[in-house]
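Working through the structure, step by step
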Amino acid sequence: MDVPVSLEHQVHGKERVRVARVWREGTVHHFVEWMVGVVLESDMEHAYLNGDNTGMTATDTMKNTCYIVAKRMEQRCSPEEYAIALATHLVTTYPKVTGTKITVQQSPWERVCVQGEAHCHGFAQSGSETRVAEVYLADGRKPVVCSGFSGHKVLKTTQSGYEGYIHDQYTSLPDTRERMVATSVDAKWSYCADVQDYDAVYKRMLTSLDEAFFGAPRKGVYSPSVQFTLFEMGKRAIASIAEVQTVTLTMPNIHFLPGGNDKLGLKETL
Ligand SMILES: O=c1[nH]c(=O)c2[nH]c(=O)[nH]c2[nH]1
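Residues numbered from 1 in each chain as written. Predicted model: local features only at pLDDT ≥ 70, side-chain atom pairs only at ≥ 80, totals over all residues. Heavy atoms only, no water.

Rules: UniProt positions are given in the numbering used here, feature names are shortened, and annotations may be inferred rather than shown by experiment.
An unreviewed UniProt entry lists the protein chain under the name Uricase, with Cymbomonas tetramitiformis as the source organism. Of the protein chain, the UniProt comment under Pathway (unreviewed entry) reads exactly: "Purine metabolism; urate degradation; (S)-allantoin from urate: step 1/3." Taken verbatim from the UniProt record of the protein chain, the Function (unreviewed entry) comment is "Catalyzes the oxidation of uric acid to 5-hydroxyisourate, which is further processed to form (S)-allantoin."

Shown next as structure tokens:
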């Protein structure tokens, strides 16, 4: 059945491009994580009407452009400045693109303070964790308390590596002694003594775990794996808080992989 149908409006784009950018000023690193969305207005009606992709900017190109423009921002910049640079690149590079809307959501990473000093390469999403308390009470007995939190996000831009693991036909990851490491820490701990001030223990727990993860403010501490660092964190917490008996930690890797491939020249971590 032939009904008259016209194409009223069309745009195309790419959502949820995750971009991380580290600016290294000597040993002091700056870090941002952006979730970028690109919408292109372009004279591409013929793609919809005739199946002809001539002149179209592929969403793969948009994604890679997000990485490349981030890499080209040589000075630390705001998400607005990045969005303007990205928009300008897209509008001036592709003849059929008449307009673009760029959206940048910036994750709340902040430089951490360790031992009262701003850390050179340590960042956290402080206050993002959910505190959890668990109490079991049997009739006639003392309450058994467990405390914890979930979702404490921490990241360091250097002083991390991973090597020596099995390399077989299923492994594509290269050995490295220089990478970024990030994780979302879930912790649960039990007590071996009465606690006067649960809030104080909670703060000390966060502080000890952070100190072991980040190391000293200027030097940091090398992490050969998330596994090793996890155990160091647990040991530090138990050694620093007398009332704590056991600590259970879960630390899934939040991956920040070097973007792109050889063709894009983006092999270095962005
Ligand atoms: O610290 C790490 N531990 C792993 O078990 C692992 N696996 C992986 O792919 N990267 C990493 N990094």
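Continuing now.
Observations concerning the packing of helix H2 (residues 59-72) against helix H3 (residues 79-93)
For the record, the criterion: The axes used here are C-alpha line fits, helices contributing only the stretch in contact, and every angle between their N-to-C directions lies in the interval 0 to 180 degrees. Secondary structure elements are taken from DSSP: a helix is a run of H or I of four residues or more, a strand is a run of E of two residues or more, and numbering for both begins at the N terminus. Comment on the angle field: the value is read as roughly parallel under 35 degrees, roughly antiparallel over 145, roughly perpendicular from 65 to 115, and oblique elsewhere. Take the far helix as your reference; a near helix turned counterclockwise from it by less than a right angle gives a left-handed crossing, and one turned clockwise gives a right-handed crossing. Two residues form a contact once any of their heavy atoms are found within 4.5 Å. Nonpolar residues are Ala, Val, Leu, Ile, Met, Phe, Trp, Tyr, Cys and Pro. Charged residues are Asp, Glu, Lys and Arg, and all others, Gly as well, are polar.
The interhelical angle for the contact between H2 and H3, taken along N-to-C directions, is 125°, at an axis separation of 10 Å. When the axis of H2 is compared with that of H3, the two are oblique. Judged by the sense of rotation from one axis to the other, the crossing of H2 with H3 is right-handed. On H3, the residues touching Thr65, Cys66, Val69, Ala70 and Arg72 of H2 are Tyr82, Ala85, Leu86, His89 and Leu90. In terms of residue class, the contact of H2 with H3 is built from 7 nonpolar, 2 polar and 1 charged.

Examining the confidence of the model for the protein chain
Selection rule: Per-residue confidence from the predictor is reported as pLDDT, a score between 0 and 100.
Here the protein chain averages 95 in pLDDT, and 97% of its residues register 70 or above. Here the complex is predicted with pTM 0.92, and the ipTM for its interfaces comes to 0.98.

Focus on helix H4 (residues 198-214)
Formally: Helix span is expected to be 1.5 Å times the residue number reduced by one. Classification of residues uses two cut-offs on accessible area relative to the type maximum, computed with a 1.4 Å probe and protein chains only: under 20% is buried, over 50% is exposed, and between them is partly exposed. Counted as a polar contact is a pair of N or O atoms within 3.5 Å, where, for protein atoms, one must be capable of donating a hydrogen and the other of accepting one, and residues adjacent in sequence contribute only when both atoms are in side chains.
Along its 17 residues, H4 runs 24 Å from first to last C-alpha, staying within 8% of the 24 Å computed at 1.5 Å per residue. Taken as a whole, H4 has its buried residues at Val201, Tyr202, Met205, Leu206, Ser208, Leu209, Asp210, Glu211, Ala212, Phe213 and Phe214. For H4, the side-chain oxygen to backbone nitrogen distance between the N-cap and Asp199 is 3.1 Å, and the N-cap itself is Asp197. A positive phi of about 75° marks Gly215, the residue just after H4.

Looking at the site of the ligand
Here is the rule we go by: We define proximity as follows: a residue is near a molecule or strand when any one of its heavy atoms falls within 4 Å of that partner. Methods summary: accessible areas were calculated by the Shrake-Rupley approach with a probe of 1.4 Å, and residue burial reflects only the protein chains presented.
Around the ligand sit Tyr162, Leu173, Arg179, Ser225, Val226, Gln227 and Asn253, and that is every residue in its neighbourhood. The side chain of Tyr162 places a nitrogen or oxygen atom 3.3 Å from an oxygen atom of the ligand. For the ligand, a nitrogen atom lies 3.3 Å from a polar atom in the side chain of Asn253. In isolation the ligand exposes 300 Å². Once the protein is present, 73% of that is buried. Considered class by class, the residues forming the shell around the ligand number 3 nonpolar, 3 polar and 1 charged.

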